[in-house]
Protein chains: 2
Amino acid sequence: MELSRRGDYAVRAMLDVATRPADRMTVTKEIALRQDIPPIFLTKIVSSLSQAGLLRTYRGVAGGVALGKPADQISLLQIIEAVEGPIYINRCLIRRGECDRDRACPAHELWVQAQGELLGLLANKSLADLARRAQELQQAPMADFAA
Amino acid sequence: MELSRRGDYAVRAMLDVATRPADRMTVTKEIALRQDIPPIFLTKIVSSLSQAGLLRTYRGVAGGVALGKPADQISLLQIIEAVEGPIYINRCLIRRGECDRDRACPAHELWVQAQGELLGLLANKSLADLARRAQELQQAPMADFAA
DNA sequence: CATAAAAGGATAAATTATATCCTATTTGCC
DNA sequence: GGCAAATAGGATATAATTTATCCTTTTATG
Ligand code: SF4
Ligand code: SF4
């Protein structure tokens, strides 16, 4: 019942890319340094994000990674599912009939609801939202100072 | 991001006890049979539920288990946390300061919200609710037949 | 061609989840 | 008292998953 490290790393990495100047490419190793993520592990995560279309990657000397689409079209759900696969709170939600009790199981209905709410929340939160909020949080101490 | 087997088993076991006549005790082995749970594993789960006060257990020849308190005072959250420990969606929610980025991390706020909603849902659903719904579901096919 | 980057396969290490075994303890009953 | 049936609990085994690294390949730049 816990987000994996992969998922947390992925969100941080995407956020890192999103909050850098868009005209310059970012290199995975530097993301790893800034975000304190094991560098080789991060390359795997970046690879998943790239395959999901959330990052665009460029090989070679001047290579690196950039957002695969505008930050407001990338949801947290997409990021997490890109690296962890589909989210399901209980196995009966993988697909109908995965648990043969699901028709008569009152808990099943509860999981359907809980999962719906969770996915809804994640699907409605965009990387752009997070990036904006990150900026606010960074400026918050300044604001205190200025006031 | 998935409920463990322990949690699912625990809910089923509690529901099994709750839907049996309250004047007779239930024996763990029979719960395991009815609910298709590995019997020896279930004894461990029952033990956790008992230590949390959700079940009362009785040793000896005429022993077994019974609800530790009225079904409407047992929430799904209590059941799951009894066998899985505290639920947290991401590690920064274990306790404040567990992740030293939490002050400046916009994702943290999202997890706080998501966790709040999930726990709220589980805390507000009682075993009695589930038992009632179980009965409805059992009668549903009959209703189809009668109509 | 040398260098710097991502891609990808194989594998290692660590952790957690699932499950069983064995012995002890409690209790009811003959 | 002694047997049988039940939970209690420690130790352990097995399996699965997660986390992380290593090594080789491919791609692009200058
Ligand atoms: S909640 Fe019910 S339907 Fe879902 S896996 Fe558990 S028993 Fe099956
Ligand atoms: S979401 Fe943010 S605060 Fe929470 S663990 Fe991840 S980085 Fe830390």
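Refer to the structure above for everything that follows.
Residues numbered from 1 in each chain as written. Chains lettered and ligands numbered in written order. Predicted model: local features only at pLDDT ≥ 70, side-chain atom pairs only at ≥ 80, totals over all residues. Heavy atoms only, no water.

## Comments concerning the overall build of chain A
Regarding its fold elements, chain A presents 6 helices and 2 strands. Going from N to C terminus, chain A has its helices and strands arranged as α-α-α-β-β-α-α-α. Dimensions along the principal axes, computed over C-alpha positions, put chain A at roughly 55 × 50 × 25 Å. Within chain A, buried positions represent 43% of all 147 residues. Taking the intrachain contacts of chain A between residues at least 6 apart in sequence as the baseline, contacts between residues at least 24 apart amount to 62%. Here chain A has roughly 8,200 Å² of accessible surface; of this, 51% comes from carbon and sulfur atoms. If the 19 positive side-chain charges of chain A are averaged to one point and the 17 negative ones to another, these points end up 7 Å apart. (Helix = DSSP H or I, 4+ residues; strand = E, 2+ residues; numbered from the N terminus. Buried < 20%, exposed > 50% of the residue type's maximum accessible area, 1.4 Å probe, protein only. Contact = heavy atoms within 4.5 Å. Areas by Shrake-Rupley, 256 points an atom, 1.4 Å probe, with all protein chains shown as cover. Lys, Arg positive; Asp, Glu negative; His and termini not counted. Charge placed at Lys NZ, Arg CZ, Asp CG, Glu CD.)

## A short note on the protein's contact with DNA strand D
For DNA strand D, the set of nearby residues contains 22 residues, the closest of which are Arg59 of chain A together with Thr28, Lys44, Thr57 and Arg59 of chain B. Counting only the atoms of DNA strand D within 4 Å of the protein, the fraction contributed by sugar and phosphate is 64%. Here a phosphate oxygen of DNA strand D and a side-chain polar atom of threonine 28 of chain B are 2.5 Å apart. Here a sugar or linking oxygen of DNA strand D and a backbone polar atom of glycine 60 of chain B are 3.3 Å apart. Contributing elements (two or more residues each) for the surface near DNA strand D: α1 (5–18) and α3 (39–51) of chain A together with α3 (39–51) and β1 (55–58) of chain B. In terms of residue class, the surface near DNA strand D is made up of 8 nonpolar, 8 polar and 6 charged. (Near = heavy atom within 4 Å. Polar contact = N/O pair within 3.5 Å; in protein donor to acceptor, adjacent residues only side chain to side chain. Nonpolar A, V, L, I, M, F, W, Y, C, P; charged D, E, K, R; others polar.)

## Brief notes about the pairing of strand β2 (residues 64–67) of chain B
Residue and element names in this part refer to chain B. Relative to β2, β1 runs antiparallel, the two being bridged by 4 bridges. Residue arginine 56 lies in a different strand from β2, and its bridge partner there is alanine 66. Between the end of β1 and the start of β2, which pair antiparallel, lie 5 residues, with glycine 60 showing a positive phi angle near 85°. (Pairing = 2+ DSSP bridges.)

## A word on the protein's contact with DNA strand C
Of all residues adjacent to DNA strand C, which total 23 residues, the nearest are Thr28, Lys44, Thr57, Arg59 and Val61 of chain A. For DNA strand C, the backbone portion of the atoms within 4 Å of the protein, that is sugar and phosphate, comes to 68%. At 3.5 Å from a base nitrogen of DNA strand C is found a main-chain nitrogen or oxygen belonging to valine 61 of chain A. Tyrosine 9 of chain B has a polar side-chain atom sitting 3.4 Å from a phosphate oxygen of DNA strand C. Among the elements of the structure, α3 and β1 (55–58) of chain A together with α1 (5–18) and α3 of chain B are those that each provide at least two residues to the surface near DNA strand C. Class assignment for the residues of the surface near DNA strand C results in 9 nonpolar, 8 polar and 6 charged.

## Points about the site of ligand 1
In the vicinity of ligand 1, the residues found are Asn90, Cys92, Cys99, Arg101, Asp102, Cys105, Ala107, His108 and Trp111 of chain A together with Asp8 and Arg12 of chain B. When each cavity is represented as a set of grid points, ligand 1 is found to reside in the largest cavity. Those elements giving two or more residues to the shell around ligand 1 turn out to be α5 (106–123) of chain A together with α1 of chain B. Element by element, the count of residues in the shell around ligand 1 is highest for α5 of chain A, at 3 residues. A class-by-class count of the residues in the shell around ligand 1 yields 5 nonpolar, 2 polar and 4 charged. (1 Å grid on protein atoms, 1.4 Å probe; cavity = no way out; pocket = protein on both sides within 12 Å on 5 of 7 lines; lining within 4 Å. Sits in = over half its atoms within 2 Å of the grid points.)

## What about the side chain of serine 126 of chain B?
All names here are of chain B. For serine 126, the location among the structural elements is in the loop between α5 (106–123) and α6 (127–146). Given the relative accessible area of 9%, serine 126 is considered buried. Each residue touching serine 126, except ones within four places of it in the same chain, is listed here: Ala71, Asp72, Ile74, Ser75 and Leu76.

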